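Structural description and commentary
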Amino acid sequence: MERVKIGCGSGLPVLMVVTLAVVLMAVLVPEVSATRWIVGGNMGWTTNVNYTVWAKDKHFYNGDWLFFVYDRNQMNVLEVNKTDYESCNSDHPLHNWTRGAGRDVVPLNVTRNYYLISGKGFCFGGMKLAVHVENPPPPPTAASLNENSASPSFNLRGQYVLPAVLAIGALWDAFVHFW
Ligand SMILES: *[C@@H]1O[C@H](CO)[C@@H](O)[C@H](O)[C@H]1NC(C)=O
Ligand SMILES: *[C@@H]1O[C@H](CO)[C@@H](O)[C@H](O)[C@H]1NC(C)=O
Ligand SMILES: *[C@@H]1O[C@H](CO)[C@@H](O)[C@H](O)[C@H]1NC(C)=O
Ligand SMILES: *[C@@H]1O[C@H](CO)[C@@H](O)[C@H](O)[C@H]1NC(C)=O
């Protein structure tokens, strides 16, 4: 008897269905995703890694971070210009990202080339990284940081999610009435 009452009072199921739809859409909307790249992967920031090779097959997007993990007693992380990257000159860095813990984060927040080297002679041994930072591609290829492009994808998904949820709600309602 109680089930029939719930089914007949259409106010409650509709509210439930709408709530469910909102929750589902929130879950399905793509996460705004930025990548935190651990430079050198498992090897980290060290000697005997070719960072040109490491970076070659990767796309670095505006909003990503580079995370340098290394021996704080030996290496460091300096941003230099192209000339100094090529010649391993660490005498006048554009930015010293070294914080002292051997765990340094470099935000890639401008679409340009970034040149990062280790001073103390390690650049000559190959500790040099050049990355080209691009704007993220539009959805659905990947989530965008741009608010304007997030809205259409929300609507697109909503077109499918809402009717599906309403259909399930109608079925449930019919089921309740049947009993
Ligand atoms: C890099 O900086 C050095 C020293 O400040 C300068 O001589 C050189 O021209 C700069 N190179 C570029 C590409 O800006
Ligand atoms: C970079 O900054 C760190 C921490 O402040 C400092 O210890 C180090 O000497 C600096 N290195 C250079 C090359 O400026
Ligand atoms: C990029 O990040 C650096 C370091 O956090 C900050 O100083 C700079 O203002 C940022 N630039 C932009 C365009 O957000
Ligand atoms: C890294 O590999 C590239 C491509 O194979 C090569 O041109 C470059 O000289 C290497 N860099 C170092 C530091 O060995």
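Provided above is the structure to which this section pertains.
Residues numbered from 1 in each chain as written. Chains lettered and ligands numbered in written order. Predicted model: local features only at pLDDT ≥ 70, side-chain atom pairs only at ≥ 80, totals over all residues.

Some words on the overall build of the chain
Convention followed: By definition, any uninterrupted DSSP run of H or I lasting at least four residues is a helix, any uninterrupted run of E lasting at least two residues is a strand, and each is numbered from the N terminus. We call two residues in contact if the C-beta atoms placed from their backbones are at most 7 Å apart.
Regarding its fold elements, the chain presents 5 helices and 8 strands. Beginning at the N terminus, the succession of helices and strands in the chain can be written as α-α-β-α-β-β-β-α-β-β-β-β-α. Look at the contacts in the chain between residues 6 or more apart in sequence, and 71% of them connect residues 24 or more apart.

Considering the site of ligand 1
Going by this rule: Near, for a residue, is defined by distance from a backbone-placed C-beta atom to a molecule or strand, with 6 Å as the limit that must not be exceeded. Residues are sorted three ways: Asp, Glu, Lys and Arg are charged, Ala, Val, Leu, Ile, Met, Phe, Trp, Tyr, Cys and Pro are nonpolar, and all the rest, Gly among them, are polar.
Around ligand 1 sit Asn81, Lys82, Thr83, Asp84 and His92, and that is every residue in its neighbourhood. For the shell around ligand 1, the residue count by class is no nonpolar, 3 polar and 2 charged.

Describing the sheet that holds strand β2 (residues 60-61)
We count it as follows: We treat two strands as partners when DSSP finds at least two bridges between them.
Taken in spatial order, the 5 strands line up as β2-β8-β7-β4-β5 in an open sheet, and their pairing is mixed. Looking at strand neighbours, the two that pair on one side only are β2 and β5 (95-96), the edges of this open sheet. The pairing of strand β4 (residues 78-80) with β5 spans 2 bridges and is classified as antiparallel. Within β5, the residue paired with Glu79 across the bridge is His95.

Description of the sheet that holds strand β6 (residues 103-108)
This is how the line gets drawn: Note on definitions: angles span 0 to 180 degrees between N-to-C directions of axes, and those axes are lines fitted to C-alpha atoms, for helices only across the stretch in contact.
Judged by pairing direction, the sheet is mixed, and its 3 strands sit side by side in the order β1-β3-β6 without closing on themselves. Looking at the sheet topology across the chains shown, the edges are occupied by β1 (36-38) and β6. Averaged over all adjacent pairs, the angle separating strand axes in this sheet is 25 degrees, with direction ignored. Where strand β3 (residues 64-69) meets β6, 6 bridges bridge the pair, whose relative direction is antiparallel. Bridge assignment links Trp65 to a residue of β6, and that residue is Pro107.

Focus on the pairing of strand β7 (residues 113-117)
Two faces, one strand: in a regular strand the side chains alternate between the faces of the sheet. As paired strands, β4 and β7 are joined by 3 bridges and run antiparallel to one another. Across the sheet, the residue bridging to Leu78 is Ile117, located in β7. In this sheet, strand β8 (residues 128-134) lies alongside β7 in antiparallel orientation, the contact comprising 5 bridges. Paired with Asn113 across the strands is His132, a residue of β8.

Some details on unusual backbone geometry
The cut-off we apply is this: Counting other C-beta atoms within 10 Å of its own, a residue is labelled buried from 20 upward, exposed at 12 or fewer, and partly exposed in the gap between, with every C-beta atom placed from the backbone.
You will see that Asn48, though not glycine, has its phi angle at about 65 degrees, which is positive. Summarising the element assignment, Asn48 is placed in the loop between β1 and α3 (51-56). The backbone of Cys88 sits at a positive phi, close to 55 degrees, despite the residue not being glycine. When you line up the elements, Cys88 lands in the loop between α4 (82-87) and β5. You can call Cys88 partly exposed: it has 18 C-beta atoms within 10 Å.

Digging into the environment of Tyr115
Along the chain, Tyr115 falls in strand β7. Separated by 34 residues in the primary sequence, Tyr115 and Asn81 have C-alpha atoms spaced 6.1 Å apart. The residues touching Tyr115, leaving out its near neighbours within four places in the chain, are Glu79, Val80, Asn81, Lys82, Tyr85 and Ala130.

Some points on the nonpolar core
This is how the line gets drawn: Among buried residues, those of type Ala, Val, Leu, Ile, Met, Phe, Trp, Tyr and Cys that are joined through C-beta atoms within 7 Å form a set called a nonpolar core.
Membership of the largest hydrophobic core comes to 20 residues, with the highest contact counts inside it found for Trp45, Phe68, Leu116, Ile117 and Met127. Taken together, the elements giving at least two residues each to this core come down to β3, β4, β6, β7 and β8. Sort the elements by how many residues they give to this core and β7 lands first, with 3 residues. Beyond its immediate chain neighbours, meaning those up to four positions away, Trp45 contacts Val39, Gly40, Phe68, Val69, Tyr70, Met75, Ser118 and Met127.

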